[in-house]
Amino acid sequence: MKLVTAIIKPFKLEEVRDALLAIGIDGMTVTEVKGYGRQKGHTEIYRGAEYAVNFLPKIRIEVGDGKIFVTPIDHALRIRTGETDADALR
C-alpha cells in the first residue's frame, strides 16, 4: 500500500483531479498550503508598500481518503528548546 502526496500549483488542481479520476482514483484529500522551491517567492505592492512574498500558495493532495494511516516517527525535535525525542513530546 502506498500513500501518494503531491504538492501542486493551485491552477493545476482540476487537471490533476480529472487525470486521477480517469485512472480510477475516486478519493483524495486537498489542503491549501504555502511553500517555496525553485521559485523563491516574489515581491508585491500592497497599498503603495512593496513587500516580499516568500511562501507561495500551493495545493497538497493526498490520495488515500477515508483511511487512517499510522506513520512511525523516528525522531522528534522541539525547535524552540532543542529538546529531542520523548522530551520534545512532553
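Residues numbered from 1 in each chain as written. Predicted model: local features only at pLDDT ≥ 70, side-chain atom pairs only at ≥ 80, totals over all residues. Heavy atoms only, no water.

### Thoughts on the sheet that holds strand S5 (residues 56-63)
1) Next: Taken in spatial order, the 3 strands make up an open sheet running S1-S5-S2, and their pairing is antiparallel. Of all strands in the sheet, those bounded by a partner on one side alone are strand S1 (4-8) and strand S2 (29-35). Taking the axes of each pair of neighbouring strands and ignoring which way they run, one obtains an average angle of 25° across the sheet.
2) Next: Where S2 meets S5, 7 bridges bridge the pair, whose relative direction is antiparallel. Looking at the pairing, Glu-32 lines up with Ile-59 of S5.
3) Next: Running over the sheet, helix H1 (residues 13-22) touches S1, S2 and S5 and is turned about 15° from S5. (Pairing = 2+ DSSP bridges. Helix = DSSP H or I, 4+ residues; strand = E, 2+ residues; numbered from the N terminus. Axes fitted to C-alpha atoms, helices over the stretch in contact; angles between N-to-C directions. Contact = heavy atoms within 4.5 Å.)

### With respect to the environment of Lys-67
1) Next: Here Lys-67 is to be found in the loop between S5 and helix H2 (85-88).
2) Next: In this structure the C-alpha to C-alpha distance between Lys-67 and Thr-81, which are 14 residues apart in sequence, comes to 34 Å.

### Quick look at the environment of Glu-32
1) Next: When you line up the elements, Glu-32 lands in strand S2.
2) Next: Note on Glu-32: relative accessible area 72%, which makes it exposed.
3) Next: Taking the C-alpha atoms as reference points, Glu-32 and Arg-47, separated by 15 residues in sequence, lie 26 Å from one another. (Buried < 20%, exposed > 50% of the residue type's maximum accessible area, 1.4 Å probe, protein only.)

Purely spatial values, then, with no claim about function.
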